[in-house]
Amino acid sequence: MLAAAVIAATNLGQAEHPSQLTWHNIFLLFILGVLVGLAVQLARESQRRLEQALAVSERLAERERIGRQVHDGVLQALALINRRGREIGGEGEALADLAADQERSLRSLITRFEPAAGETSGTPESEQVTDLAARLAALRSARVEVVLPAGAVRLPAAVTQEVEAAVVAALDNVSRHAGEQARAWVLLDADDQGVEVVVRDNGVGMAPDRLVRAVEEGRLGASSSIRGRMLDLGGDASWRSPGTGGTTVTLTVPAHHVAGSTP
């Protein structure tokens, strides 16, 4: 556009009486400047996306290579320790349980691809967008399994932080009240209706009126740290605990928070 402006000014300066053809050429110069700028922006964006795709492909290939080596060595050894420990009995069973937990964690690590968090540098905090799936993937442990969708779940950074904090609070309740041997599963799903996060455990469960009594006792972990956060986002949180044990916490976030959705 700057070059077009310089050339247009030169043409007008040299022409004693600018004709319709002179103005027509100047108009074409500015149109050409806009098109060239748009083409350059599209080329840069395509190059950036290509580099991201190549980086993801390289990470997947490296993960598969490491996964094969781990499967042929460490996982086989852990499986053997697990079997032999249970055959020996006594203290060997504790060693077998530890080997089984490590085997599950290692299998989850090498078979699940954790998405990379989106870049937000240079963007105002109110406009930053982050990947909720990548943040929840970091919560995996020997007792916590995280199941994620195939793609990224992009939310405003502030919304992602609140949802992650609510999930952490729910997992903290599992570790405190579900029992020493309890395991937890975090399932993330996103569609046109919004985002849903389900935190489920196989612990001892809870009484139907447990949340009401907790509020009366002044313990606001569930009502404030979890449900309060979801209500502030326009969503909700619900609990379900069947008589057979275990508790399921469902967190919902409305669709207008999802990046790219229509308000």
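Definitions and limits used
- Residues numbered from 1 in each chain as written.
- Predicted model: local features only at pLDDT ≥ 70, side-chain atom pairs only at ≥ 80, totals over all residues.
- Heavy atoms only, no water.
- Helix = DSSP H or I, 4+ residues; strand = E, 2+ residues; numbered from the N terminus.
- Expected span 1.5 Å × (residues − 1).
- Buried < 20%, exposed > 50% of the residue type's maximum accessible area, 1.4 Å probe, protein only.
- UniProt positions renumbered as here; feature names shortened; annotations may be inferred.
- Pairing = 2+ DSSP bridges.
- Axes fitted to C-alpha atoms, helices over the stretch in contact; angles between N-to-C directions.
- Phe/Tyr/Trp six-rings, centres within 6.5 Å; stacked < 30°, edge-to-face > 60°.
- Lys NZ or Arg CZ within 6 Å of the ring centre and 35° of its normal.
- Patch = residues over 30% accessible without salt bridge, like charges linked within 9 Å, V, L, I, M, F, W, Y side chains within 5 Å.
- Areas by Shrake-Rupley, 256 points an atom, 1.4 Å probe, with all protein chains shown as cover.
- Salt bridge = Lys/Arg side-chain N within 4 Å of Asp/Glu carboxyl O.
- Lys, Arg positive; Asp, Glu negative; His and termini not counted.
- Charge placed at Lys NZ, Arg CZ, Asp CG, Glu CD.
- pLDDT = per-residue confidence, 0-100.
- Contact = heavy atoms within 4.5 Å.
- Core = buried A, V, L, I, M, F, W, Y, C linked by side-chain atoms within 4.5 Å.

Taking an unreviewed UniProt entry as the reference, the protein is identified by name as ATP-binding protein belonging to Janibacter hoylei PVAS-1.

Q: In this structure, what is going on with helix H5 (residues 157-177)? I would like to understand it.
A: An α-helical segment advances 3.6 residues per turn. Residues three or four places apart therefore align on the same side. The terminal C-alpha atoms of H5 lie 30 Å apart, and with 21 residues this matches the ideal 30 Å at 1.5 Å per residue to within 8%. Ala157, Val159, Thr160, Val163, Glu164, Ala166, Val167, Ala169, Ala170, Leu171 and Val174 are the residues of H5 that are buried. Trailing H5 by a residue or two, glycine 179 shows a phi angle of about 115°, which is positive.

Q: How should I be thinking about the UniProt feature "transmembrane region" (unreviewed entry) in the protein in this particular structure?
A: The UniProt entry lists residues 25-43 under the feature "transmembrane region" (unreviewed entry), expressed in the numbering used here. Strand forms 0% of residues 25-43 and helix 100%; the C-alpha atoms that close the span are 27 Å apart.

Q: Quick question: what am I supposed to make of the sheet that holds strand E4 (residues 184-191) here?
A: Picture the strands of a sheet paired through backbone hydrogen bonds; they go either parallel or antiparallel. With mixed pairing, five strands are arranged side by side in an open sheet as E2-E4-E5-E7-E6. Sheet topology places strand E2 (144-147) and strand E6 (236-240) at the edges, where each strand pairs with a single neighbour. Strand-to-strand twist of the sheet, defined as the mean angle between neighbouring strand axes without regard to direction, takes the value 15°. Of the strand pairs in this sheet, E4 and strand E5 (residues 194-201) are connected by eight bridges, and their pairing is antiparallel. Across the sheet, the residue bridging to valine 186 is valine 199, located in E5.

Q: Sorry, what's going on with the packing of aromatic side chains here?
A: For any pair of aromatic rings, the description consists of the separation of the ring centres together with the inter-plane angle of the planes. In total, this model carries zero aromatic pairs according to the counting rule given. Against the face of tryptophan 185 rests arginine 200, its NZ or CZ located 4.8 Å from the ring centre.

Q: Is there a simple way to think about a nonpolar patch on the surface in this case?
A: On the surface, a nonpolar cluster with roughly 380 Å² of combined accessible area is contributed by Phe27, Leu28, Ile31 and Leu35. The residue leucine 35 is located in helix H2 (residues 20-88) in this model.

Q: Where do I start with a negative patch on the surface in this structure?
A: A cluster of acidic residues, Asp189, Asp191, Asp192 and Glu196, forms a negative patch at the surface. Along the polypeptide, aspartate 189 turns up in strand E4. By relative accessible area, aspartate 189 is classed as partly exposed at 41%.

Q: Would you take a moment to explain the confidence of the model for the protein for this structure?
A: As a note on interpretation, predicted positions should not be read in detail where pLDDT is low. Confidence along the protein averages 79 in pLDDT terms, with 82% of residues attaining 70 or more. Mean pLDDT values over the elements of the protein span from 61, in helix H6 (residues 210-216), up to 91, in E5. Segment residues 117-123 is flagged for pLDDT under 50; beyond a separation of four residues in sequence, or across chains, it makes eight contacts in the model.

Q: Would you take a moment to explain the nonpolar core for this structure?
A: Across soluble globular proteins, you tend to see nonpolar side chains buried next to one another. Membership of the largest hydrophobic core comes to 33 residues, with the highest contact counts inside it found for Leu136, Val167 and Val197. Secondary structure elements with two or more residues in this core: helix H4 (132-137), E2, H5, E4, E5, helix H7 (221-232) and strand E7 (247-254). Considering each element in turn, this core owes the most residues, eight residues, to H5. Beyond its immediate chain neighbours, meaning those up to four positions away, leucine 136 contacts Val146, Leu148, Glu164, Val167, Val186, Leu188 and Val197.

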